[in-house]
Amino acid sequence: MVSDDPSMSSVDLDARSPRHATNRAVAALVTVALAAALLASGAQPAAATVLVTDAQPAAAALSAPADAELEFLQLLNQTRGAHGLGLLKSDALIVPVARDWSGAMAASNTLSHRPDLLSQIESRVTTDWLRIGENVGRGGSVGSLHTAFMNSPSHKANVLGDYNRVGIGVVNAGTTIWVTFNFLKGADINGPTGAVAGPVYDDVATRGIEHACPRASTLLTSFIDVATTAHASSIGCAVSWGVASGQTPLLFAPTGRVTRAQLASFVARMIEAAGTALPASPRDAFSDDDSSIHELRINQLAALGVVTGKSAGRYAPNDVVDRAAMATFLVRAHDVAAAKPLAAGSDAFGDDNGTTHEANINKVAAAGFAGGTRRGVYAPSAAVQRGQMATFLSRTIDLLVASGDTDAR
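Please read these numbers as outputs of a predicted model, since none were measured by experiment.

Visitor: Could you give me a rundown of the pairing of strand E3 (residues 129-139), with the residues and numbers involved?
Guide: Judged by how many residues are buried, E3 sits mostly within the fold: ten of eleven residues are covered. Here E3 pairs with strand E5 (residues 176-186) via ten bridges, running antiparallel. In the sheet register, Gly 139 faces E5, and the bridge partner there is Ile 177.

Right under this line is the structure:
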């Protein structure tokens, strides 16, 4: 299709019948749907795509591809949010498909749609889809390409389309960005949206982590057990800061519980990562942690007033951390690392009234560190899991970066 600068093109595949037929029958249906979509939009088949002169290259250096992909995702979801639409989750299986095609276009210096998009999706991602779309473009900057997509009715239709997943692939060639968006509607997944979250519940971030980890590459890990958790991006962020680590090189154990001893090490590393030095030889604050590998960290936090123990001389290192105590850990750790302490918050939850930690729970809610397990419910006695811990810590770091108390990674 002929389009305004920057050069770009779009397609939309729509499977409107139940997905219980054989793969061959489904593929035939999709082929017809693809042809109908192309005709409806006035587009030409990929091989006949007509190109126009590229946009002028950007004066500034191009962002790294992974950073540009995150910028595209953020702009995409900001636009959808402004239209009252659900945010698209980045699908780690679709992203390589999109990157492959952007690379192929850049290598041939030809803008076109992937002719085998359907087979690539069904062999590498899923056969359980309801709708697939593709936008491709080339231009001098992320912003100019996003604007051009929104100024083109067919591309805008995909940006605002009935999808829930997306893979964005960017390849830089000289001063030109080549980008592929592969949209998909299918089963829901857990994945980053790149957007600053609003007041969302069920332990989904009320505060984003884009200040702490602005580069998409910092959100990636080698762990094979985090892809289906809502905390995947925060785990990657916490790992990139050196705050969290896996139980093995391939396993993070996101649903594992966190003990008070373990949390002391996580929190101490966060304070150090934020640029605050911890005492090298603190006094022995507790008698029940002498055999723990976390004893030094516990004593360091005790010296700073971050931990006080459960009673005189007793830390209870093997006790599991609950969400109420986690709030107090976060408030005290933040206030040690920050120039200004957290402000008092309003009464955010009804199930923590009268508890020792209520004031700090309200502070972490106001700061956006915690959103509760559902509206108005904090679940203060619930155990903290390792994935949740990574999210709490990443959000705390995010505020420290946003407030100028430390620099982004």
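Visitor: Tell me about empty space enclosed by the protein, and please be specific about residues and values.
Guide: Scanning all chains against the criterion turns up one cavity of 30 Å³ or more. By volume, the largest cavity amounts to about 30 Å³. Considering the residues around the largest cavity, the lining is formed by Leu 76, Asn 135, His 146, Phe 149, Val 159, Phe 181 and Phe 183. Along the lines of polarity and charge, the residues of the lining of the largest cavity split into five nonpolar, two polar and no charged.

Visitor: Residues and numbers for the packing of helix H7 (residues 232-240) against helix H12 (residues 386-402), please.
Guide: Running from N to C, H7 and H12 cross one another at 65 degrees; their axes reach a closest spacing of 8 Å. For the element pair H7 and H12, the recorded crossing hand is left-handed. Only Gly 387, Ala 390, Thr 391 and Ser 394 of H12 make contact with H7, whose side of the interface consists of Ser 234, Ile 235, Cys 237 and Ala 238. Residue composition of the contact of H7 with H12, grouped by class: four nonpolar, four polar and no charged.

Visitor: So, the pattern of salt bridges: which residues are in play, and what are the values?
Guide: Throughout the structure, instances matching the rule amount to nine salt bridges. A salt bridge links Asp 188 to Lys 89, with the shortest nitrogen-to-oxygen separation between them at 3.3 Å. In this pair, Asp 188 is assigned in the loop between E5 and H7 and Lys 89 in strand E2 (residues 89-90), connecting sequence segments 99 residues apart. A salt bridge links Glu 272 to Arg 297, with the nearest nitrogen and oxygen atoms 2.9 Å apart. In this pair, Glu 272 is assigned in helix H8 (residues 260-273) and Arg 297 in helix H9 (residues 295-304), connecting sequence segments 25 residues apart.

Visitor: So what about a nonpolar patch on the surface? Which residues, and what values?
Guide: A cluster of nonpolar residues, Ile 224, Leu 250 and Leu 251, forms a patch on the protein surface that exposes about 290 Å² of accessible area. With respect to the element layout, Leu 250 can be found in the loop between H7 and H8.

Visitor: So what about H7? Which residues, and what values?
Guide: For an α-helix, the turn length of 3.6 residues means that residues three or four places apart are oriented alike. The element H7 is largely enclosed, with a buried count of seven among its nine residues. For H7, the full list of buried residues reads Ala 232, Ser 233, Ser 234, Ile 235, Gly 236, Cys 237 and Ala 238. Looking at the buried residues of H7, the elements they touch are H12. Immediately downstream of H7, the backbone of Gly 242 shows phi near 75 degrees, a positive value.

Visitor: Quick rundown of the state of the cysteines? Include the residues and the values.
Guide: If you walk through the whole model with that rule in mind, you get one disulfide. Residue pairing for Cys 213: its cysteine sulfur links by disulfide to Cys 237, the two sulfurs lying 2.1 Å apart. Here the disulfide of Cys 213 and Cys 237 is right-handed, its torsion about the S-S bond being about 90 degrees. Here Cys 237 lies in helix H7 and Cys 213 lies in the loop between E5 and H7, a separation of 24 residues in the sequence. In this structure Cys 237 comes out as buried when scored by relative accessible area, which is 0%.

Visitor: Give me the layout of surface pockets: which residues, what numbers.
Guide: Taken as a whole, the largest pocket holds about 780 Å³ of empty space. Considering the residues around the largest pocket, the lining is formed by 28 residues, among which Ser 90, Asp 91, Ala 92, Pro 192 and Leu 220 are closest to the centre. Counting only elements with at least two residues in the lining of the largest pocket, the list comes to helix H2 (65-82), helix H3 (94-108), strand E4 (165-173) and H7. With four residues, H2 is the largest single contributor of residues to the lining of the largest pocket. Residue composition of the lining of the largest pocket, by class: 17 nonpolar, seven polar and four charged.

Visitor: Provide a residue-level description of the confidence of the model for the chain, including the pertinent values.
Guide: Chain-level statistics for the chain give a pLDDT mean of 80 and a share of 81% at 70 or above. In the predicted structure, residues 16-60 sits below a pLDDT of 50 and forms 60 contacts with residues beyond four places in sequence or in another chain. Predicted confidence for residues 195-205 stays below pLDDT 50, and this span has 27 contacts to residues more than four positions away or in other chains.

Visitor: Any chance you could break down the pairing of E5 for me, citing the residues and the numbers?
Guide: Most of E5 sits inside the fold, with ten of its eleven residues counted as buried. With nine bridges joining them, E4 and E5 adopt antiparallel strand pairing. By the bridge assignment for E5, Val 171 is matched with Trp 178. Where E4 folds back onto E5 in an antiparallel hairpin, the turn is made up of two residues, including Gly 174, whose phi is positive at roughly 65 degrees.

Visitor: So, the environment of Ser 102: which residues are in play, and what are the values?
Guide: Along the chain, Ser 102 turns up in helix H3. Taking the C-alpha atoms as reference points, Ser 102 and Gly 137, separated by 35 residues in sequence, lie 8.9 Å from one another. Excluding residues within four positions of it along the chain, Ser 102 makes contact with Gly 169, Val 170, Val 171, Trp 178, Val 179 and Thr 180. At a separation of 2.7 Å, a polar atom in the side chain of Ser 102 contacts the main-chain carbonyl oxygen of Gly 169.

Visitor: Tell me about the nonpolar core, and name the residues and values.
Guide: The biggest cluster of nonpolar side chains holds 58 residues, and the ones touching the most others in it are Trp 241, Leu 263, Val 267, Met 326, Met 389 and Leu 393. For this core, the secondary structure elements donating two or more residues are H7, H8, H9, helix H10 (323-337), helix H11 (358-367) and H12. Setting aside its immediate chain neighbours within four residues, Leu 263 contacts Val 258, Val 321, Met 326, Phe 329 and Met 389. Within the second largest apolar cluster, 18 residues are counted, among which are Met 150, Val 159, Tyr 163 and Val 170.

The rules behind the values
- The numbering scheme is per chain: residues are counted from 1 as the chain's sequence reads.
- In keeping with the predicted nature of the model, local features appear solely for residues at pLDDT of at least 70, side-chain atom pairs appear and are counted solely at 80 or more, and the whole-chain, interface and lining totals rest on all residues.
- Note that the side-chain values use all heavy atoms of the structure and ignore hydrogens as well as water.
- Only protein chains enter the accessibility calculation, which uses a 1.4 Å probe; a residue whose area is less than 20% of its type maximum is buried, one above 50% is exposed, and one in between is partly exposed.
- Working definition: helices are DSSP H or I runs of at least four residues, strands are E runs of at least two. Numbering for both runs from the N terminus.
- Paired strands are those between which DSSP finds at least two bridges.
- Throughout, the protein atoms alone are placed on a 1 Å grid, and a set of points is a cavity if a 1.4 Å probe fits but cannot get out or a pocket if it is open with protein on both sides within 12 Å along at least five of seven lines; lining residues have an atom within 4 Å of a point.
- Grid points are joined across faces, edges and corners, and a volume is the space filled by probe spheres set on the points.
- Amino acids are sorted into nonpolar (Ala, Val, Leu, Ile, Met, Phe, Trp, Tyr, Cys and Pro), charged (Asp, Glu, Lys and Arg) and polar (every other residue, Gly among them).
- Fitted lines through C-alpha atoms serve as axes, helices being fitted only where they are in contact, and the angles separating the N-to-C directions of these axes extend from 0 to 180 degrees.
- For any helix crossing, the convention is left-handed if the near helix is rotated counterclockwise from the far helix by under a right angle, and right-handed if that rotation is clockwise.
- Contacts are residue-level and defined by heavy atoms, with any inter-residue pair within 4.5 Å sufficient.
- The term salt bridge refers to a side-chain nitrogen of Lys or Arg lying within 4 Å of a carboxyl oxygen of Asp or Glu.
- Excluding any residue in a salt bridge, patches collect residues exceeding 30% relative accessible area, merging like charges within 9 Å and nonpolar Val, Leu, Ile, Met, Phe, Trp and Tyr side chains within 5 Å.
- Only the protein chains shown count as cover for residues, and the accessible areas themselves come from Shrake-Rupley with a 1.4 Å probe.
- Throughout, disulfides are identified as pairs of cysteine sulfur atoms within 2.5 Å of each other.
- pLDDT is a per-residue confidence score from the predictor, ranging from 0 to 100.
- Polar contact criterion, stated in full: a pair of N or O atoms within 3.5 Å, where within protein one must be able to donate a hydrogen and the other to accept it, and residues adjacent in sequence count only if both atoms are side-chain atoms.
- The criterion is simple. A nonpolar core is a set of buried Ala, Val, Leu, Ile, Met, Phe, Trp, Tyr and Cys residues joined through side-chain atoms within 4.5 Å.

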